[in-house]
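Chain by chain, the residues:
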Amino acid sequence: MTIHRHITDSSAGSFEVFDIDLGDTRVQLLSLGAAIRTVEVPDGHGLLGHVHLSLPQLSDYADVSSNPHLGATLGRYANRIAGATFVLDGQRFRLNANSQGNTLHGGAHGFDRQIWDCTVLADNADRAVVEFRLHSPDGDMGFPGAVDASVTYAITHQEITMTYDAVTDKPTVINLSHHGYWNLAGSQSIAGHHLHIPAQRRLVTNNIGIPVAIDDVAETVFDLRSPQTLGPVIDATEGVDSCYLVDGEGIRLMAVLSAPAAGRTLTVSSDAPTVQLYTGNGLHSPFVPFQSVSLETQRPPDAPNQPELGESILRPGEAFHSVTTLTFGVC
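Residues numbered from 1 in each chain as written. Predicted model: local features only at pLDDT ≥ 70, side-chain atom pairs only at ≥ 80, totals over all residues. Heavy atoms only, no water.

Colleague: Got a minute to help me understand the overall build of the chain in this structure?
Modeller: Within the chain one finds 1 helix and 27 strands. Scaling as 2.2 N^0.38, a compact globule of 331 residues should have a C-alpha radius of gyration of about 20 Å, and the chain matches this with 19 Å. Once the C-alpha set of the chain is aligned to its principal axes, its extents read approximately 60 × 50 × 35 Å. Put simply, the chain has 331 residues, and 56% of those count as buried. For the chain, the computed accessible surface area is about 12,700 Å², with 50% contributed by carbon and sulfur atoms. Separation of charge centres in the chain, based on 18 positive and 36 negative side chains, amounts to 4 Å. (Helix = DSSP H or I, 4+ residues; strand = E, 2+ residues; numbered from the N terminus. Rg over C-alpha atoms; globule rule 2.2 N^0.38 Å. Buried < 20%, exposed > 50% of the residue type's maximum accessible area, 1.4 Å probe, protein only. Areas by Shrake-Rupley, 256 points an atom, 1.4 Å probe, with all protein chains shown as cover. Lys, Arg positive; Asp, Glu negative; His and termini not counted. Charge placed at Lys NZ, Arg CZ, Asp CG, Glu CD.)

This is the structure in structure tokens:
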């Protein structure tokens, strides 16, 4: 068996912890937020090391002031909804406003702040699979419809696949995503990391993170179609928090992150339409700004109010389904 399962207590209640050890890949999952806490993979010399930010104590994950959605599953709608409101089928819904008058990551008690039910589906030397399930009642954070959501983590050697599913009993909006905080060198800065995102367009946002235009990245500092060192990008932008529109459909390349000093790479593949790049601009103690890279595969921010940006609605009889795979390697 590769999974060790135990329970820890916190101010949010008891939640389960899954320690998964496949030899060359170690992962710790939490039922609080259906989250990844830690990931250890080999460096260029074959030595295991941590590549995801984590808080010192398990109980710290229940402290909202300390936990910026670390490694968690985001919902009911990841990213921002402008003005904490949207209209669906002629009816206006008012949501919990938790970020400059907007709804961010589903509100103050979004999916990442809740304890999910969990089941081990596979446990052997080469593969560990854990399913997390959450029932979100009608009116949760203001969202219409009761939603049953799940995220399944399938962990193999140096690879993590996250499969998201959801159904509803009334028309609603849905956007499930993973908020990883990656540092492939286990260091205090991502300035030496290289990043490639094969997207020609990104969403331009206002000063509170709401999309106002679509811009071509050509001849701008946001052009990551060839790998760029993140230090100069951060210096030029004071940190990036931007959504890239990745052309194509189905599972395809979304991003490649590498840390040449450590000899590690992370390749992100998904069927999601966009990837949100966040360079840890707002990180605070016990971390420091620009200590991590987030690559959140998802539907576009504020699409419930701007349907021209992409799909956001889930109706009864339909199923939300999305897959993202994280593949670790060496360089």
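Colleague: What exactly am I supposed to notice about the sheet that holds strand E22 (residues 252-259) here?
Modeller: Whenever strands of a sheet pair, they do so through backbone hydrogen bonds, lying parallel or antiparallel. In spatial order, the strands read E11-E12-E13-E14-E27-E23-E22-E17-E20; together these 9 strands make up an open sheet with antiparallel pairing. Of all strands in the sheet, those bounded by a partner on one side alone are strand E11 (117-123) and strand E20 (228-229). Alignment of strand E12 (residues 128-136) against strand E13 (residues 147-156), held across 9 bridges, turns out to be antiparallel. Counterpart to Val129 in the pairing with E13 is Ala154. (Pairing = 2+ DSSP bridges.)

Colleague: In this structure, what is going on with the side chain of Thr8? I would like to understand it.
Modeller: Position of Thr8 among the secondary structure elements: in strand E1 (residues 3-8). According to the relative accessible area criterion, Thr8 is buried, its value standing at 16%. Thr8 has contacts with Gly13, Ser14, Phe15, Val17 and Leu58, leaving out every residue within four places of it along the chain. (Contact = heavy atoms within 4.5 Å.)

Colleague: Mind showing me how you'd approach the environment of Phe320 here?
Modeller: Relative to the assigned elements, Phe320 resides in strand E27 (residues 320-330). A relative accessible area of 6% means that Phe320 is categorised as buried. Sequence separation between Phe320 and Tyr278 is 42 residues; the distance between their C-alpha atoms is 25 Å. In contact with Phe320, not counting residues within four places along its chain, are Tyr164, Asp165, Ala166, Ile174, Leu176, Arg299 and Leu314.

Colleague: Just checking my understanding: could you explain the pairing of strand E4 (residues 35-42) for this structure?
Modeller: Regular strands show a simple pattern: their side chains alternate between the two faces of the sheet. E4 sits mainly inside the fold: 8 of its 8 residues count as buried. Of the strand pairs in this sheet, strand E3 (residues 26-30) and E4 are connected by 5 bridges, and their pairing is antiparallel. Within E4, the position partnered with Val27 by the bridge is Val39. Taking the residues that link successive antiparallel strands as the turn, the E3-E4 hairpin has 4 residues, and the phi of Gly33 there is positive, at about 80°.

Colleague: What exactly am I supposed to notice about the packing of aromatic side chains here?
Modeller: Geometrically, a pair of aromatic rings is defined through the distance of the ring centres and the angle of the planes. For the structure shown, the criterion picks out 7 aromatic pairs. Aromatic pair Phe132 and Tyr153: ring centres 5.8 Å apart, planes at 85°, arrangement edge-to-face. Taken together, the positions of Phe132 in strand E12 and Tyr153 in strand E13 put the pair 21 residues apart, joining distant regions of the chain. The burial state of Phe132 is the same as that of Tyr153; both residues are buried. Here Arg202 stacks its cationic end above the ring of Phe222, 3.5 Å away from the centre of that ring. (Phe/Tyr/Trp six-rings, centres within 6.5 Å; stacked < 30°, edge-to-face > 60°. Lys NZ or Arg CZ within 6 Å of the ring centre and 35° of its normal.)

Colleague: Looking at this structure, I do not really get helix H1 (residues 230-237). What am I missing?
Modeller: Think of an α-helix as 3.6 residues a turn; residues three or four steps apart then line up on the same face. Restricting attention to buried positions, one finds in H1 the residues Leu230, Gly231, Val233 and Ile234. Here the buried residues of H1 occupy an arc of 165° about the axis, which is enough to place them on one side. The outward face of H1, more than 90 degrees from its buried face, is lined by the exposed residues Pro232, Asp235 and Ala236. Close packing links the buried residues of H1 with strand E17 (194-196), E20 and E22. (Arc of directions from axis to C-beta.)

Colleague: Mind showing me how you'd approach the layout of surface pockets here?
Modeller: Any empty space left between the atoms is revealed when a probe the size of a water molecule rolls over them. In this structure, the largest pocket occupies an estimated 420 Å³ of space. What lines the largest pocket is a set of 23 residues, and nearest its centre among them are Pro68, His69, Leu104, Tyr181 and Tyr278. Here the residues of the lining of the largest pocket are counted per class, giving 7 nonpolar, 12 polar and 4 charged. Of the volumes computed, that of the second largest pocket is approximately 190 Å³. In terms of lining residues, the second largest pocket is bounded by 14 residues, among which Pro273, Arg299, Phe320, His321 and Ser322 are the most central. The greatest single-element share of the lining of the second largest pocket, amounting to 4 residues, is contributed by E27. The class makeup of the residues in the lining of the second largest pocket is 5 nonpolar, 6 polar and 3 charged. (1 Å grid on protein atoms, 1.4 Å probe; cavity = no way out; pocket = protein on both sides within 12 Å on 5 of 7 lines; lining within 4 Å. Points joined across faces, edges and corners; volume = space filled by probe spheres on them. Nonpolar A, V, L, I, M, F, W, Y, C, P; charged D, E, K, R; others polar.)

Spatial relationships are all this shows, so hold off on functional conclusions.
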